[in-house]
Amino acid sequence: MLIDFINNYLMNGIVLGCIYALGAIGITLLFGILRFSHFAHGDMMTLGAYLGLAGVWITGQPVWIVLPIAMAATAGVAVGIDRAFYHPLRNAPTIVAVIASFGVALMIRSAIQVIFGVEIRSYARGFERPILLFDAVRILPRHVWIIGLTVVLVVGLQLFLKMTRLGKAMRAVSDNPSLARVTGINTRAVVIATWLIGGALAAAGGVFLGLDTQLDTNLGWNLVLPMFAAAVLGGIGQPVGAVLGGLVVGIAEELATYPFFGGQALLSPAYKSAVAFAILILMLIIRPTGILKGRVF
Amino acid sequence: MISDANLGLIMYAIALMNIGAIYAILSLGLNLQWGVAGLFNAGIAGFFAVGAYTSAILTAPDSPDFLGGFELPIPLGWVGAMIVSGALALVIGAATIRLRSDYLAIGTIGIAEILRLFLKNEEWLTNGVRGITTVPRPFQFDQPLLSELSFLGMTLTLLLIAYVAIERSVNSPWGRMMRAIRDNEVAAAAMGKHVERRRLEAFVLGSMLMGLGGALMSQYFRFIGPEATEPFQITFLVWVMLIAGGAGNNRGAILGAFLIWAIWSMTELVTRQLPPDWAVRAGYLRIFLVGLLLQVVLQRFARGLLPERIRQRIRP
Amino acid sequence: MSLLLEARELVGGYGGTDILNGVSLSLSREEIVVIVGPNGAGKSTAMKALFGLVTVRSGTVWLDGLDVTNAAPETLVKRGMAYVPQEANVFTTMTVEENLDMGAYTRRSGIQAAKDRVYTLLPALKAKRRQPAGELSGGQRQMVAIGRALMVDPKLLMLDEPSAGLSPKVLDEILDAILAINRSGVGVLMVEQNAKAALSMAHRGYVLQGGKNRFEGPGPALLANREIAELFLGG
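Everything quoted here is computed from the prediction, not taken from an experiment.

The rules behind the values
- Residues numbered from 1 in each chain as written.
- Chains lettered and ligands numbered in written order.
- Predicted model: local features only at pLDDT ≥ 70, side-chain atom pairs only at ≥ 80, totals over all residues.
- Heavy atoms only, no water.
- Helix = DSSP H or I, 4+ residues; strand = E, 2+ residues; numbered from the N terminus.
- Rg over C-alpha atoms; globule rule 2.2 N^0.38 Å.
- Buried < 20%, exposed > 50% of the residue type's maximum accessible area, 1.4 Å probe, protein only.
- Areas by Shrake-Rupley, 256 points an atom, 1.4 Å probe, with all protein chains shown as cover.
- Lys, Arg positive; Asp, Glu negative; His and termini not counted.
- Charge placed at Lys NZ, Arg CZ, Asp CG, Glu CD.
- Contact = heavy atoms within 4.5 Å.
- Buried area = accessible area lost by both parts, 1.4 Å probe.
- Salt bridge = Lys/Arg side-chain N within 4 Å of Asp/Glu carboxyl O.
- Nonpolar A, V, L, I, M, F, W, Y, C, P; charged D, E, K, R; others polar.
- Arc of directions from axis to C-beta.
- Core = buried A, V, L, I, M, F, W, Y, C linked by side-chain atoms within 4.5 Å.
- 1 Å grid on protein atoms, 1.4 Å probe; cavity = no way out; pocket = protein on both sides within 12 Å on 5 of 7 lines; lining within 4 Å.
- Points joined across faces, edges and corners; volume = space filled by probe spheres on them.
- Expected span 1.5 Å × (residues − 1).
- Pairing = 2+ DSSP bridges.
- Axes fitted to C-alpha atoms, helices over the stretch in contact; angles between N-to-C directions.

S.K.: Just checking my understanding: could you explain the overall build of chain B for this structure?
M.R.: Along the backbone of chain B there are 12 helices and zero strands. Here the C-alpha radius of gyration of chain B, 20 Å, is about what a compact globule of 316 residues would show, namely 20 Å. Seen through its principal axes, chain B has C-alpha atoms that stretch 65 × 40 × 40 Å. By the burial criterion, 57% of the 316 residues in chain B qualify as buried.

Following this line, the structure appears as structure tokens:
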């Protein structure tokens, strides 16, 4: 019973949570530094997933090998998108950039649809034999990879933000942009770094999801709601909060479908994303600063 | 006598006008929310779909496939659509309107996404993915031309009523206060609770118009299915219409709706000529180009074709 | 005595309305100069105009003989000008040491030496260096803000109302620190509401009114002027 719970629900929740976390970090950093909700972030994840697919097709290598290339390429595209579509709006009210991000979301998605078509795809993946832990807990190798690589990326980001000059400057701009300007911090470099990080992590999340399930062109858009819920839950501007928020939302979504009372699922799996929405609305009402005291506008 | 080719062309033009007029009602609703009150609604499709389904269920004949059999008169379908959309807006607005506009955007996306799931999955209510195919349409005659024309008369009348009502309220003390709130957040904050209420009113009224638009669209096509909640068809097109036409200006909202709809559906005539495989891709290319059009408008013509008229401000 | 900073007939403001209608001032590297005046006289705006935060429509600012009118803050920091805003002048989520690191963002070397110098001038900071600046008291925050500005080894330090919201005892500590900074070879320009305390320690002062120079002279002399005392300084 408990083992079934861990194998079929908790593990999936953690994996999903890792994927949400990777997207939510970008959302929260962008919100903190550029002060706008980037609604194209989900589609940036789709882009990363499909760039990974293209990499697999071209090189014939497994997707793990191609992952860094997909991350780098998506990061580059993210900087280009900022340059072309968000940078020109920087003197307008930030909500204009939010509107623009909707357009960008559709542009990314339709570009993928034009190039790759709308058929459901997958990375070539053989049958995976689960790894057995303590004679009871079964865990799929790809889940080990996803969780492990997420931990590496998150720890790496945290070190970057705490130890490096540019990372600290990112935190400074997020903390107090006018003081950062007065201090002589080069905001342009900070903005570029933010897009590079956000784009790279989004690509990783997209590839992980494509690997765990399948690739379709709506993959990322369907993540927008849970990722924003995660970012708000964790506290806007707080990458660690975004990770916690992502895990909470991912696990909550999976657990909500667990038959806690008798044989019936607590919530029909079709309504999983309603869980994220409920968390989001609840947080906005009772504690808009999030778990880790983020910013509220 | 009108030749067949000419008749086809005329029918096409009237259909264009009919759908354009329904989009204009949606665009007016968004203008009330965004143009006048500065409220960001990213879930237009949700309010639209709720209105469409409500009116369909209230007016459709009995069917084993979905909840129905009320067979209410069509105008009551409109009223029901507006009430349910408005109530939905009240709930979501009450939770998020006091926060920064981004949060309202997230909240409205959430509502639209959950409705998408709901309408697809609750088959007893909506017939699931197959949708409701027996939505009654008013003014049905033997002559298709006459049916189309009288439907157009109806939509244009409703559009006119909506336009006059909004113009009046925008120029009333209520509307002046709304714009003051939008333009000066400091003063708005000083007015406190009062402001939240006014903004909520604008949000609810705008969403009611979106519900009406949904009801009309379902009647025009005699069909409503869950794909109506896809973010592109409704939410995004309406945003492009309002921004291109001129946010803050009701005439701009209407002009933008007709213009963008005309461009959108006429480009379809072009892509339809392509071989099937290319036609699908070209369809997505059209979406890409609309996205690009929005970016160009935002960057170069931020105030739209008919900019908001700057009214004389009273100086202290 | 060569002039470090000279501003002549500055006119400018936010958007369409001018707040400055002809402000002139100068300062040498050995000096502490104070700008005082009634509310709305344009004191803070004048300082922001010097630092490129308010657009100067006419008039000129020279730093070390170089025309820096309307230069970006980033450029001015590199040229040796540092500015401490009145409010929100520390990065609250970052530690004291990280605040100092940010102050040194524009420089590539000598950061440790600059930090040591700040800790010598503002010894209270050293013990707190691992604490988030948001957790500190008002006076300590002001020291962090000043320390952050000193990290570029500025020739000119500009302070906007450093005494705002501080108790008299803490104010004395801050003013002592400013004197020490000045003696170490940094020109200091201050905007102050607390005119008495500021003028008594300043070499020279300017009294602004309506965005224009009204009086200027040595600090003690301005303090002694009855007209100034009655008009602007509330006795």
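From this point on, the discussion continues.
S.K.: For this particular structure, what's the right way to read the overall build of chain A?
M.R.: Counting its secondary structure elements, chain A contains 11 helices and two strands. In chain A, the succession of helices and strands from N to C terminus is α-α-α-α-β-β-α-α-α-α-α-α-α. Here chain A has a C-alpha radius of gyration of 19 Å; the compact-globule value for 297 residues is 19 Å, and the two agree. Of all 297 residues assigned to chain A, the portion counted as buried reaches 59%. A total accessible area of about 11,100 Å² is found for chain A, and carbon and sulfur atoms account for 69% of it. A gap of 14 Å separates the mean positions of the 19 positive and 11 negative side-chain charges of chain A.

S.K.: I would appreciate a short explanation of the interface of chain B and chain A in the present structure.
M.R.: Interface size is often expressed as the accessible area that is lost when the parts come together. Taken residue by residue, the interface counts 41 residues in chain B and 47 residues in chain A. Interface area, chain B with chain A, both sides summed: about 3,800 Å², of which 74% is carbon and sulfur. Counting across the chain B and chain A interface gives zero salt bridges. Taken together, the elements giving at least two residues each to the side of chain B that touches chain A come down to α3 (74-96), α4 (101-121), α10 (232-245) and α12 (276-300) of chain B. Take the side of chain B that touches chain A: its biggest share by element is 15 residues, from α4(B). Of the residues belonging to the side of chain B that touches chain A, the class tally is 26 nonpolar, eight polar and seven charged.

S.K.: Would you mind showing me how to read the arrangement of the chains here?
M.R.: With two pairs of chains in contact overall, the greatest share of contacts is found between chains A and B. Contact between chain B and chain C is absent, and the minimum C-alpha spacing across the pair is 14 Å.

S.K.: Sorry if this is basic, but what is going on with the environment of B:Val91 here?
M.R.: Residues and elements named next belong to chain B. Note that Val91 resides in helix α3. Looking at Val91, the relative accessible area reads 61%, which means it is exposed. As a C-alpha pair, Val91 and Leu117 span 26 residues in sequence and 19 Å in three-dimensional space.

S.K.: Would you take a moment to explain helix α4 (residues 111-121) of chain C for this structure?
M.R.: Structural remark: α-helix, 3.6 residues per turn; residues separated by three or four positions point the same way. Residue and element names in this part refer to chain C. All buried positions along α4 are accounted for by Ala114, Lys115, Val118, Tyr119 and Leu121. Down the axis of α4, the smallest arc covering the buried residues is 165°, so these residues share one side. Turned more than 90 degrees away from the buried face of α4, the exposed residues are Ala113 and Thr120.

S.K.: How should the side chain of B:Glu167 be read in this particular structure?
M.R.: Considering the arrangement of structural elements, one finds B:Glu167 in helix α6 (residues 144-170). Aside from chain neighbours lying at most four places away, what touches B:Glu167 is B:Asn250 and B:Arg309.

S.K.: Can you help me understand the nonpolar core in this one?
M.R.: Nonpolar side chains in soluble globular proteins tend to be buried together. Ranked by size, the top nonpolar core spans 205 residues in total, and within it A:Ile185, B:Tyr23 and B:Phe40 carry the most contacts. A total of 15 residues in this core trace back to one element, the largest contributor, which is helix α1 (residues 2-34) of chain A. In this structure A:Ile185 touches A:Ala169, A:Ala172, A:Val173, A:Ala180, A:Val190, C:Glu74, C:Phe91, C:Met102 and C:Tyr105, once residues within four positions along its chain are discounted. Among the nonpolar cores identified, the runner-up in size contains 79 residues, and C:Leu4, C:Val54, C:Met81 and C:Tyr119 belong to it.

S.K.: How should I be thinking about the side chain of B:Gln295 in this particular structure?
M.R.: Looking at the element boundaries, B:Gln295 is found in helix α12. Sequence-distant contacts of B:Gln295, defined by excluding residues within four places in its chain, comprise A:Phe85, A:Ala100, A:Gly103, A:Val104 and A:Met107.

S.K.: Help me understand the layout of surface pockets in this model?
M.R.: Where empty space is left can be seen by rolling a probe of water-molecule size over the atoms. Looking at the second largest pocket, its volume works out to about 1,000 Å³. Those elements that place two or more of their residues in the lining of the second largest pocket are α4 (94-116) of chain A together with α1 (4-36), α2 (44-59), α9 (193-221), α10, α11 (250-272) and α12 of chain B. In terms of residue class, the lining of the second largest pocket is made up of 22 nonpolar, nine polar and seven charged.

S.K.: How should I be thinking about α10(B) in this particular structure?
M.R.: Residue and element names in this part refer to chain B. For α10, spanning 14 residues, the distance from its first C-alpha to its last is 18 Å, which sits close to the expected 20 Å at 1.5 Å a residue. Most of α10 sits out of view: 13 of its 14 residues are buried. In the segment just after α10, Gly246 is the residue with positive phi, at about 125°.

S.K.: In this structure, what is going on with the pairing of strand β10 (residues 212-218) of chain C? I would like to understand it.
M.R.: On a regular strand, each side chain points to the face opposite its neighbour's, so the side chains alternate between the two faces of the sheet. Residues and elements named next belong to chain C. Pairing between strand β9 (residues 204-209) and β10: six bridges, direction antiparallel. What sits directly across from Tyr206, in β10, is Glu216. Counting the residues that bridge the hairpin from β9 to β10 gives two residues, and of these Gly210 lies at a positive phi of roughly 60°.

S.K.: How do you make sense of the pattern of salt bridges when you look at a structure like this?
M.R.: Pairing is possible between side chains of opposite charge, provided their charged atoms come close. Under the criterion given, the structure shown has 27 salt bridges over all chains. A salt bridge links B:Arg197 to B:Glu201; the nearest nitrogen and oxygen atoms lie 3.4 Å apart. With B:Arg197 and B:Glu201 both in helix α9, this residue pair falls four residues apart, about one helical turn. The exposure class of B:Glu201 is partly exposed, given its relative accessible area of 22%. A salt bridge links C:Asp153 to C:Arg107; the shortest N-O distance between them is 3.1 Å. Of this pair, C:Asp153 sits in the loop between α6 (138-150) and β7 (156-160) while C:Arg107 sits in the loop between α3 (96-103) and α4; the two residues are 46 residues apart in sequence, bridging distant segments of the chain. Classification of C:Asp153 by relative accessible area gives partly exposed; the value is 36%.

S.K.: Quick question: what am I supposed to make of the sheet that holds strand β2 (residues 20-28) of chain C here?
M.R.: Two strands in a sheet stick together by hydrogen bonds in their backbones, pointing the same way (parallel) or opposite ways (antiparallel). Residues and elements named next belong to chain C. One open sheet holds the four strands; their spatial order is β2-β1-β4-β5, and the pairing between them is antiparallel. The sheet is open, and its two borders are formed by β2 and β5 (66-67), each paired with just one other strand. As defined by bridge partners, strand β1 (residues 3-13) adjoins strand β4 (residues 55-63) across seven bridges and the pair is classed as antiparallel. Bridged to Leu5 within β4 is Leu63. Those strands touched by helix α1 (residues 43-50) are β1, β2 and β4, and its axis lies near 65° from that of β2.

S.K.: Sorry, what's going on with the environment of C:Pro73 here?
M.R.: Looking at where C:Pro73 falls in the secondary structure, it is placed in helix α2 (residues 73-78). For C:Pro73, a relative accessible area of 2% puts it in the buried group. Considering only alpha carbons, one finds C:Pro73 and C:Met190, 117 residues apart in sequence, at a separation of 18 Å. Contacts of C:Pro73, omitting those with residues within four sequence positions, involve A:Arg181, A:Val182, C:Phe51, C:Gly52 and C:Leu53.

S.K.: When you look at the sheet that holds β7(C) in this model, what are you seeing that I'm missing?
M.R.: All names here are of chain C. What the six strands build is an open sheet, ordered β6-β7-β8-β3-β9-β10; its pairing is mixed. The sheet is open, and its two borders are formed by β6 (81-84) and β10, each paired with just one other strand. On average, each strand axis in the sheet is inclined to that of its neighbour by 15°, with strand direction left out of account. Bridge analysis of strand β3 (residues 32-36) against strand β8 (residues 187-191) gives four bridges, and the strand direction is parallel. Bridged to Val33 within β8 is Leu189. In this fold α1 packs onto β3, β6, β7, β8 and β9, with an angle of close to 140° to the strand it touches most, β8. Packed on one face of the sheet, helix α7 (residues 168-183) meets β3, β7 and β8 and runs near 145° to β8.

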